[in-house]
Amino acid sequence: MESNLNNRIVLKQSVLAVAMALAASPAVLAQESGNQIQKVVVTGSNIKRIDAESATPVQIIKHDEITRLGVSSVKELLDTLTSASSSLSDIGGNNSFAGGSSSVSLRGLGKQSTLVLLNSRRVAPYALADYNEVFTNLDALPLDAVERIDILRNGGSAVYGSDAVAGVINIITRTDYQGLQASASHTRSQQNGEFRNSKAALTGGFGNLETDRYNVLANLEVYKRDSVNWRQLIDDINPAYGDKFLRVKPGSGLMFGNRGAPSILSYPGQLVGQGPLPGCTTLNAAKECVYDRYSRIEAVPKSERANLMLAGTIKLSENLQSFSEVLYSRTKTDYMGSFAVYDSTQPTSVWGNPSTGLPRSFTRHQLPAGHPLNHSGEPLDLRYRFGDDPGFHKDTADQYRVLTGLKGTLDGKYDWESAIGIMGSKTKDRSRGTFFSASGFKQVIGDYDKFTTDADGNVTLADPLFFNRDYKLGQKNSDAVLALLFPESGYDGKITQYFVDGKISGELGSFNGRPIGVAVGGDIRHEKFAINPTANLQNGDIVDNGSAAANASRYTSSVFGEANVPLATGLELVGAARVDKFKGVKAHVSPKLALRWEASKEVLLRGTVEKGFRAPNLTESAQSAKFAYNNQINDPLRCDPATDKAKKLIAQANQLPESDPRRATLLADAVVIESRECSAGVASRVVNNPNLKPETSTSATVGIVLEPVKGTSISIDYWRIKRKDEISTRDLNELLAAESTLAPGIIIRAPLSEDKSFTAAERKAYGIENVGPLQSSRGMFENTVQTKTSGVDVSVASRINTGFGRLDLSGNATYLFDYRKYAPTRDGGSWGDNQVGRYEGSPKSKLSANIGATLKTGDFSNSLRLTHRSSTQLRGDYFDDAFSIDGCKTKGWSESECRLGSYNRVDYFLSYTGVKNLTLSLFVRNLFNKRMPVDLKDFATSGANTYSTDIEDLERRSIRVMAEYKFW
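As the structure is a computational prediction, the values presented were derived from the model and not from experiment.

**Side note on the overall build of the protein**
When you go through the protein residue by residue, the secondary structure sums to 16 helices and 48 strands. Counting all 968 residues of the protein, 50% fall into the buried class. Within the protein, contacts between residues at least 6 apart in sequence are counted, and of these 72% link residues at least 24 apart. Taken as a whole, the protein presents about 43,200 Å² of accessible surface, with 55% of it coming from carbon and sulfur.

Here you go:
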């Protein structure tokens with residue numbers, strides 16, 4: 001309590017200091033008297049209004065500010081928001097179910113709870129779900145055509161419907177544009193020139209809506225990013241890690257290795273005890289054949305994108321317009337895959353067959369005696385890297401939206417609009433390499449299932465031609481052989497949505513002599529979603545791979561109403577409600593109340609209370625299935641009996657002389673039985689749940705907007721969101737603990753005839769007469785946990801006329817008070833640890849802020865921007881003793897090293913407009929070339945293969961040059 005109070009006091013003092021600093025300057029912002037004041041629609045409401053500040057907090061980023069941020073994509077732009085937390089990126093998406101895409105998450109509530117709109121209407125989701133999460137792919141949205149972006153930071157279900165629990169991001173493109181302009185930019189890291197991307201755009205518009213009665217806008221944008229691998233970067237890792245790494249104490253449980261060192265899993269490989277196989281050209285000091293693994297570990301994948309947007313408006317009469325819009329995008333992301341490896345010293349891989357729900361296993365064997373490359377006369381361990389592995393993962397996605405509609409005014413009082421359209425997305429995901437085909441391996445290499453194990457655990461391979469069939473070690477293999485061993489696998493995803501919508505707004509009556517603004521409307525949508533895995537994934541043929549599938553469709557409909565009631569001078573009450581109906585889900589009402597009080601010209605008070613919801617998506621509630629495999633599962637019914645039996649077997653063995661062969665058999669049986677029941681491999685199949693309830697939420701805001709002097713504004717908004725009935729899956733260990741209360745078929749056990757651990761008499765003695773071995777689990781999506789989070793947003797803006805030109809100041813900050821999960825237990829459950837400022841939290845930083853200043857002098861514009869993120873504890877939660885203060889001390893780390901330090905970065909922007917129709921710009925990111933804070937937890941737990949998923953430390957200072965030319 002005391003800590004939270006101190007935090008709030010410090011925050012208030014900081015805000016007051018900023019406000020006083022801005023207010024001390026003689027700000028002047030004169031409004032031209034000739035300008036006609038017009039009503040506009042602000043995101044978060046369907047009612048037109050004059051006032052820029054509404055009852056709900058909205059952050060607006062205009063085109064000029066977007067340019068000054070030096071970003072190349074919508075994803076990069078939204079990552080600058082202080083209210084946004086880490087989310088999926090195409091850069092790190094190689095191992096996700098939705099590779100080749102990027103998303104955004106507001107308030108740390110996930111990509112499904114943030115609604116992204118384009119011109120106030122939805123765009124189709126990405127055609128692959130990230131396990132069960134369906135979201136908008138930001139990489140498919142244009143940036144150059146954007147006029148502004150509105151960020152509604154307090155939900156929005158009452159106005160926009162499902163997916164708007166955490167907030168709404170509305171991307172508004174240019175309208176009534178006339179002229180032709182071309183722009184191009186190139187970004188390159190000064191530290192590592194391998195980091196580079198380029199973008200070009202062409203925008204044209206013709207026709208004046210007032211005089212020509214039409215306007216047409218066309219925008220084409222292309223983007224390209226080069227691939228970067230870790231061999232190009234490894235020498236630039238922060239040397240501070242080397243010092244900290246050397247102080248890691250032995251036995252600390254941390255993974256470590258010499259970053260950059262070659263791997264002994266090499267091509268053409270080696271036999272342990274015999275040496276490298278013929279053809280090896282690179283040896284280490286121990287005369288082992290080695291391979292540079294880092295040349296195949298990718299830091300940034302290659303990406304190519306193209307976005308096309310066409311928009312047209314025809315003025316049919318003074319009160320009627322026709323409008324149409326076409327959006328199309330294609331994104332291609334090429335991930336570099338690591339070559340597959342074979343190491344017979346490694347344990348058996350266990351995965352499963354999605355079509356049967358049964359487990360599968362892949363056992364790695366030694367190279368048998370008698371193989372032409374094995375000259376020892378006995379089996380030898382083989383270490384080999386498939387240098388002819390195709391090793392790729394490609395995602396190609398197409399997205400579109402086509403709509404047409406009418407809008408106008410009725411009786412000069414009411415504005416109305418209606419549109420009809422189709423939108424969709426199609427994704428092709430394909431991989432080759434890194435993982436074997438189980439059937440192909442048997443065909444071209446050998447049958448790994450044919451072996452026997454004696455009492456001492458020695459394995460005898462029954463296939464004498466193992467690694468002596470069509471595939472030849474260290475030699476050139478045909479495309480046909482490689483196609484069998486490394487076939488293509490992946491997914492085809494497709495989403496199609498049809499929609500029709502309409503709304504009308506205007507003034508309806510009056511209250512106390514003041515007009516009441518109202519808006520009503522609705523929409524109907526039909527959506528179809530299909531995710532189809534390739535046959536080899538569906539039948540479990542690709543070793544160590546799971547599978548996800550979906551095939552469903554539904555209609556959704558909604559109606560909404562909104563009213564703005566002026567209670568008194570400067571005092572407005574806004575009420576809104578939306579009713580959404582999804583197939584399989586009861587009609588859901590989302591209400592909202594907001595109050596806006598303009599106490600004076602200098603002070604505005606506001607507050608909102610809103611109920612929100614997210615309906616189950618088609619991968620959660622309609623026909624879908626996801627298959628994975630869980631290892632090291634403790635069977636709560638059979639583990640204790642197995643442990644007891646193992647102890648008895650060991651006791652029996654110890655009573656026998658060492659020369660008695662039964663002794664080794666008993667000891668081996670003890671190990672096998674305990675391992676089988678206490679660290680079992682269990683297939684997991686998760687399916688949809690048609691009885692899911694929607695996730696629901698309650699959000700509230702209380703804020704104040706100040707204008708201490710004309711031209712300077714300060715807004716402070718406290719927000720709180722609580723979400724319950726969150727949709728997820730139950731942990732398998734949790735299911736096993738409650739097995740007796742579950743419906744049949746959730747936990748699947750093998751028949752007693754397949755029990756290899758206990759006899760019938762032993763099962764009776766242990767009280768498990770009818771309990772067979774664990775085989776698989778069948779789960780479904782359920783309404784499980786809850787989340788609550790709160791914080792405060794602060795925004796500052798000011799315009800000051802100086803002797804050198806106009807100075808624009810701006811700042812945004814988000815300070816988090818808490819982020820907690822509610823964990824259900826048998827006793828009812830409790831709220832977990834506050835994750836704010838913790839390593840595993842989302843977001844991690846307690847304070848995120850940015851401050852900018854832009855000085856316009858003649859043909860030049862100079863901008864500086866400071867970005868700040870507060871420090872983070874390495875400790876994940878209360879139970880994370882390994883990275884507590886004491887845990888860090890055991891590793892030889894100081895208390896300061898047990899944190900991810902705070903980070904401050906300064907960016908610089910310069911533009912020049914002294915040449916007619918030409919604008920030249922320069923953006924320097926990380927002006928002072930500052931390194932990221934040292935992250936010992938990531939470094940110590942990631943092993944020798946990687947360094948960090950955050951590449952900013954290796955990019956450091958980067959420069960972006962831009963040119964824009966207006967032809968007319």
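**Structural notes on the packing of aromatic side chains**
Under the definition given, this model contains 30 aromatic pairs. Seen from their ring centres, Phe441 and Phe466 are 6.1 Å apart, and the 55° between their planes marks the pair as tilted. Of this pair, Phe441 sits in helix H6 (residues 438–444) while Phe466 sits in the loop between strand S24 (459–461) and helix H7 (479–485), placing them 25 residues apart in sequence. Residues Phe441 and Phe466 agree in their burial class; the two are buried. Ring plane angle 70° and centroid distance 6.2 Å describe the contact between Phe582 and Phe613, whose orientation is recorded as edge-to-face. Pair noted here: Phe582 is in strand S28 (residues 571–582) and Phe613 is in strand S30 (residues 603–614), with a separation of 31 residues, a long-range link. Each member of the pair, Phe582 together with Phe613, is buried. The lysine or arginine in question, Arg174, covers the ring of Tyr177, its NZ or CZ lying 5.4 Å from the ring centre. Its guanidinium or amino end placed over the ring of Trp831, Lys788 lies 4.6 Å from that ring's centre, counting from NZ or CZ.

**Concerning unusual backbone geometry**
The omega torsion across Tyr267 and Pro268 is 10°, close enough to zero to call that bond cis. The residue Pro268 is located in the loop between helix H5 (240–246) and strand S12 (270–271) in this model. The phi dihedral of Tyr131 is positive, around 65°, even though this residue is not glycine. The exposure class of Tyr131 is partly exposed, given its relative accessible area of 27%. Phi is positive for Asp725, which is not a glycine, with a value near 55°. Note on placement: Asp725 falls in the loop between strand S34 (712–724) and strand S35 (727–728).

**What to know about helix H10 (residues 639–654)**
With 16 residues, H10 ought to run about 22 Å at 1.5 Å a step, and its terminal C-alpha atoms sit 22 Å apart, in line with that. Buried within H10 are the following residues: Cys639, Pro641, Ala642, Thr643, Lys645, Ala646, Leu649 and Ala653. If you follow the buried residues of H10, they end up packed against helix H11 (661–678) and helix H13 (760–766).

**Some words on the sheet that holds strand S20 (residues 382–385)**
Pairing is antiparallel in the open sheet, where four strands are placed in the order S13-S12-S20-S17. Whereas interior strands pair on both sides, the edge strands pair on one side only; in this sheet they are strand S13 (275–276) and strand S17 (341–343). Here S12 pairs with S13 via two bridges, running antiparallel. Paired with Leu271 across the bridge in S13 is Gly275.

**Focus: the state of the cysteines**
A complete count under the given rule lists three disulfides for this structure. Covalent S-S linkage joins Cys280 and Cys289, the inter-sulfur distance amounting to 2.1 Å. For the disulfide bridge between Cys280 and Cys289, the dihedral angle about the S-S bond is near 105°, and by the sign convention the bridge is right-handed. Cys888 shares a disulfide with Cys898; S-S distance 2.0 Å. Measuring handedness by torsion sign, the sulfur bridge of Cys888 and Cys898 sits at about 65° and is right-handed. Of this pair, Cys888 sits in helix H14 (residues 885–890) while Cys898 sits in the loop between H14 and strand S45 (899–900), and the two are 10 residues apart along the sequence.

**Remarks on the pairing of strand S9 (residues 196–206)**
Residues in a regular strand point their side chains to alternate faces of the sheet. Relative to S9, strand S8 (residues 179–189) runs antiparallel, the two being bridged by 10 bridges. Considered in S9, the bridge of Ala184 is made with Ala200. Where S8 folds back on S9, the antiparallel hairpin that results is connected by six residues.

**Looking at the packing of H10 against H11**
Remark: H10 packs on H11, axes separated minimally by 8 Å, with the N-to-C direction vectors making an angle of 170°. Between H10 and H11, the interaxial angle falls into the category roughly antiparallel. Residues Cys639, Ala642, Thr643, Lys645, Ala646, Leu649, Ile650, Gln652, Ala653 and Asn654 of H10 touch H11, and the partners they reach there are Arg663, Leu666, Leu667, Asp669, Ala670, Ile673, Glu674, Glu677 and Cys678. Class assignment of the residues belonging to the contact of H10 with H11 gives a composition of 11 nonpolar, three polar and five charged.

**Focus: the pattern of salt bridges**
Where charged atoms from two side chains of opposite charge approach closely, those side chains can pair. Following the criterion strictly, the structure yields 52 salt bridges and no others. For Asp163, the salt bridge is made with Arg122, and the minimal N-O distance between the two is 3.2 Å. With Asp163 in the loop between helix H4 (157–160) and strand S7 (167–173) and Arg122 in strand S5 (residues 121–122), this pair connects stretches of sequence that are 41 residues apart. Asp163 gets classed as partly exposed once you look at its relative accessible area, which sits at 24%. Of the charged contacts, one joins Arg614 and Glu620 as a salt bridge, the two residues approaching to 3.2 Å between their closest N and O atoms. For the pair formed by Arg614 and Glu620, the shared burial category is buried.

**Overview of the side chain of Asn229**
Tracing the sequence through the fold places Asn229 in strand S11 (residues 228–229). On the basis of relative accessibility, which here comes to 14%, the residue Asn229 falls in the buried class. In contact with Asn229, not counting residues within four places along its chain, are Tyr294, Ser295, Ile297, Glu298 and Ala299.

**Regarding the sheet that holds strand S6 (residues 146–152)**
Taken in spatial order, the five strands of this open sheet run S1-S6-S7-S4-S5, and their pairing is mixed. The sheet terminates laterally at strand S1 (58–62) and S5, the two strands that pair on one side only. Bridging between strand S4 (residues 114–118) and S5 involves two bridges; their strand directions are antiparallel. Its bridge partner being in S5, Leu118 is matched across the sheet by Arg121.

**Quick word on the nonpolar core**
Ranked by size, the top nonpolar core spans 31 residues in total, and within it Ile66, Leu77, Ile149, Ile169 and Ile171 carry the most contacts. Of all the elements in the fold, those that place two or more residues in this core are helix H3 (74–78), S4, S6, S7, S34 and strand S40 (805–823). With sequence-adjacent residues up to four places away left out, Ile171 is seen in contact with Val74, Val116, Leu117, Leu118, Asn119, Leu141, Val146, Arg148 and Ile149. One finds Leu271, Tyr342, Phe362 and Phe467 within the second-largest nonpolar core, a separate group that totals 27 residues.

**Details of the environment of Ile422**
Along the chain, the position of Ile422 falls in strand S22 (residues 414–432). Each C-alpha atom of the pair Ile422 and Tyr498 lies 4.5 Å from the other, and the pair is 76 residues apart in sequence.

**Let's talk about a nonpolar patch on the surface**
Together, Leu202, Leu220, Val222, Leu308, Leu310, Val326, Tyr328, Val402, Tyr965, Phe967 and Trp968 line one region of the surface with nonpolar side chains, adding up to about 950 Å² of accessible area. Where the nonpolar patch is concerned, the elements lending two or more residues are strand S10 (214–225), strand S15 (302–317) and strand S16 (320–336). Mapped onto the elements, Leu202 comes out in strand S9. The exposure class assigned to Leu202 is partly exposed, which follows from its relative accessible area of 42%.

Conventions we followed
- Residues numbered from 1 in each chain as written.
- Predicted model: local features only at pLDDT ≥ 70, side-chain atom pairs only at ≥ 80, totals over all residues.
- Heavy atoms only, no water.
- Helix = DSSP H or I, 4+ residues; strand = E, 2+ residues; numbered from the N terminus.
- Buried < 20%, exposed > 50% of the residue type's maximum accessible area, 1.4 Å probe, protein only.
- Contact = heavy atoms within 4.5 Å.
- Areas by Shrake-Rupley, 256 points an atom, 1.4 Å probe, with all protein chains shown as cover.
- Phe/Tyr/Trp six-rings, centres within 6.5 Å; stacked < 30°, edge-to-face > 60°.
- Lys NZ or Arg CZ within 6 Å of the ring centre and 35° of its normal.
- Expected span 1.5 Å × (residues − 1).
- Pairing = 2+ DSSP bridges.
- Disulfide = S-S within 2.5 Å.
- Axes fitted to C-alpha atoms, helices over the stretch in contact; angles between N-to-C directions.
- Parallel < 35°, antiparallel > 145°, perpendicular 65-115°, else oblique.
- Nonpolar A, V, L, I, M, F, W, Y, C, P; charged D, E, K, R; others polar.
- Salt bridge = Lys/Arg side-chain N within 4 Å of Asp/Glu carboxyl O.
- Core = buried A, V, L, I, M, F, W, Y, C linked by side-chain atoms within 4.5 Å.
- Patch = residues over 30% accessible without salt bridge, like charges linked within 9 Å, V, L, I, M, F, W, Y side chains within 5 Å.

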